[in-house]
Structures are given as C-alpha cells and as structure tokens.
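Observations on the three-dimensional arrangement
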Amino acid sequence: MDRVALSLRYPMDVEETLQGITAAVVVATSGVDHASISVTSSDGKIQTLAPTDDVAVRCDELQYELGEGPCLEAVLEEHVVQVDDVSSDLRWPMYGPRAAGELGIGSQLAFQFAAEPHVRGGFNLYSEQPHSIGIEDRQLAMLFASLAAAALGWSRQDDTLNKALETRNGIGQAVGIVMERYQLDPERAFAFLVRTSQAGNIKLHDVAAGVVADVVAKAR
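Cut-off values and rules
- Residues numbered from 1 in each chain as written.
- Predicted model: local features only at pLDDT ≥ 70, side-chain atom pairs only at ≥ 80, totals over all residues.
- Heavy atoms only, no water.
- Helix = DSSP H or I, 4+ residues; strand = E, 2+ residues; numbered from the N terminus.
- Contact = heavy atoms within 4.5 Å.
- Axes fitted to C-alpha atoms, helices over the stretch in contact; angles between N-to-C directions.
- Parallel < 35°, antiparallel > 145°, perpendicular 65-115°, else oblique.
- Left-handed = near helix turned anticlockwise from the far one by under 90°.
- Nonpolar A, V, L, I, M, F, W, Y, C, P; charged D, E, K, R; others polar.
- Salt bridge = Lys/Arg side-chain N within 4 Å of Asp/Glu carboxyl O.
- Buried < 20%, exposed > 50% of the residue type's maximum accessible area, 1.4 Å probe, protein only.
- Core = buried A, V, L, I, M, F, W, Y, C linked by side-chain atoms within 4.5 Å.
- Phe/Tyr/Trp six-rings, centres within 6.5 Å; stacked < 30°, edge-to-face > 60°.

1. Brief notes about the overall build of the protein
Check the secondary structure of the protein and you find nine helices and five strands. Mapped from its N terminus to its C terminus, the protein presents α and β elements in the order α-α-β-β-α-α-β-α-β-β-α-α-α-α. For the protein, restricting intrachain contacts to residue pairs at least 6 apart in sequence, the fraction spanning at least 24 positions comes to 61%.

2. Quick notes on the packing of helix α8 (residues 186-200) against helix α9 (residues 204-219)
Relative orientation and spacing of two packed helices are given, respectively, by the angle between their axes and the distance between those axes. Contact pair α8 / α9: the axes reach a minimum separation of 9 Å and the direction vectors enclose 115 degrees. As far as their axial angle goes, α9 and α8 are roughly perpendicular. Here the hand of the crossing between α8 and α9 comes out right-handed. Residues Phe 190, Leu 193, Val 194, Thr 196 and Ser 197 of α8 form the contact with α9, whose participating residues are Leu 204, Val 207 and Val 211. Residues belonging to the contact of α8 with α9 are distributed by class as follows: six nonpolar, two polar and no charged.

3. Thoughts on the pattern of salt bridges
For the structure on display, the rule yields three salt bridges. As a salt-bridge pair, Arg 91 and Asp 89 come within 2.8 Å of each other at their nearest N and O atoms. Residue Arg 91 is classed as partly exposed on the basis of its relative accessible area of 47%. A relative accessible area of 17% means that Asp 89 is categorised as buried. The shortest N-O distance in the salt bridge between Arg 98 and Glu 102 comes to 3.1 Å. On the criterion of helical spacing, the pair formed by Arg 98 and Glu 102 is a turn pair, its members being four residues apart in helix α5 (residues 95-103).

4. Details of the nonpolar core
Within the largest apolar cluster, 25 residues are counted, with the highest numbers of intra-cluster contacts made by Leu 18, Ile 37, Phe 123 and Leu 125. At the level of secondary structure, the elements contributing two or more residues to this core comprise α2 (14-28), β1 (34-40), β4 (107-116), β5 (119-127) and α6 (135-154). Ranked by residues supplied to this core, first place goes to α6 with eight residues. Core analysis: the next-biggest nonpolar cluster, separate from the first, contains 16 residues, Tyr 95, Leu 103, Ile 105 and Tyr 126 among them.

5. With respect to the packing of aromatic side chains
Inspection of the entire model under this criterion finds one aromatic pair. With 5.3 Å between their ring centres and 45 degrees between their planes, Tyr 182 and Phe 192 make a pair best called tilted. Within this pair, whereas Tyr 182 is found in helix α7 (residues 160-182), its partner Phe 192 is found in helix α8, the two being separated by 10 residues in sequence. Assessed through its relative accessible area of 27%, Phe 192 is described here as partly exposed.

6. Focus on the side chain of Thr 22
In this fold, Thr 22 is placed in helix α2. Excluding residues within four positions of it along the chain, Thr 22 makes contact with Ala 35, Ser 36, Ile 37, Ala 50, Thr 52 and Phe 123.

7. Topic: the environment of Val 25
Mapped onto the fold, Val 25 is located in helix α2. Judged by its relative accessible area of 0%, Val 25 falls in the buried class. In this structure, the C-alpha to C-alpha distance between Val 25 and Leu 125, residues 100 residues apart in sequence, is 8.6 Å. Residue contacts for Val 25: discarding those within four places in its chain leaves Ala 35, Phe 123, Leu 125, Ala 141 and Phe 144.

8. Focus: unusual backbone geometry
Notably, His 131 is not glycine yet its phi reads approximately 55 degrees, a positive angle. Tracing the chain through its elements places His 131 in the loop between β5 and α6. The backbone phi angle of Gln 183 is positive, close to 55 degrees, even though this residue is not glycine. Take Gln 183: it is sitting in the loop between α7 and α8.

9. A look at the environment of Val 83
Residue position: Val 83 is located in strand β3 (residues 80-83). Taking the C-alpha atoms as reference, Val 83 lies 9.7 Å from Tyr 126; in sequence the two are 43 residues apart. Ignoring sequence-local partners within four residues, the contact set of Val 83 consists of Pro 70, Asp 89, Arg 91, Trp 92, Ser 107 and Gln 108.

So this is what it looks like as structure tokens:
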C-alpha cells in the first residue's frame, strides 16, 4: 500500500500507477485472483483499464456485451456490489452462468468511484472460488479503489485518461497478434507480453506498440 501510494505523487504515469494498483490488490488480498478498472466517458462508452490478466479483460467485456453484471452495476448505480456465488446469483441470469462456466469465476466484488464530473469508474475484483472474498479483503480492496480514484482524478490535468484508453486498445491488438502468431489462447498471449515487458524492463504499452508496429511495417 505504501509503495502504491508513493506512485501517486504528481507528475505521475497514470497507466503505470493504475497497473500497479490492480496488481497490488491481488497480492495483498487472499481471496482476489484477478482485478481491473472500468471507466465511462462523457459519451457513455465503457472500457477496461489496467487488467491484471486476460481473465479480467474477458470478464469485463462479457458484462459490457450482455449489459449486466456486478461491474456494470457498480459503475452505473450501486456504490458497492458483492457477489458471493456468481453462478447462482439471480440478479444477473445471463452473466452469472457464463462467468462461472466459461471463465471460472466464483465470486466478485466491485466498487464505484467518480474520477471526474462526467466520468465514473468501477474497481473490479474477481475470485476463482465462491464465498472467498471476506471482510478483510473487502476493506483492503476499498483502500486500493480509493487510490485508483485518486490517480484518475489527476488525469484531467493532462488528458492521461484518454492516453490510457488508447494504450488499452493497443495492448488488445498486440494480444490478438501474438495469439495468431504463436497459436496461443488470450491468457497466454497476454502473459507473453508481460514476460517480454519484464525481461526487457520495457513498459507493457511500449512492448504492445512494437508488436503492432512490426505487423504494420511487414504489411506495407
């Protein structure tokens, strides 16, 4: 928590800070396996930032696609949404069975925060086991959600939120390229990019940009 808080000193790299927050909450909480941040824009669009892995991305996007789920509920209405057993919760009849059956999600927790007057966000936490997100996990996660809100609050000063959204799209393109090139599933392709980033001490968005640029250059 101290290390993440120190990264909030301005000026900061918002993308790197958000990625550090989602990664840290998974390490700090015993019941959370995947995490991400959802943000809305003034035109109503919703996108995912700083996912810890491809599972988090797929969970978020499934909720966007279906128009239901704890993530959307937190962003659009409730301040806190907790689901102890995703597969049997009747609030989301389409999302729950698919999240459990296709993505291996057992329970879920989401916090709402306001980043700007016209932008709301959600801090999304996923567990692979039902009934595994306890009170202590919830309290810790709330602190990390507050840090994410603080980081996004600064983005208004230099348009870094828009840059972060562009980065998210670039990483998604790179994952698709790696999947096709090496015949990998989405999670392994994402892990490949992360390992490349760590091995070369290069930011993830720069690795992704390089993969995309290489394909573009070869297509000319």
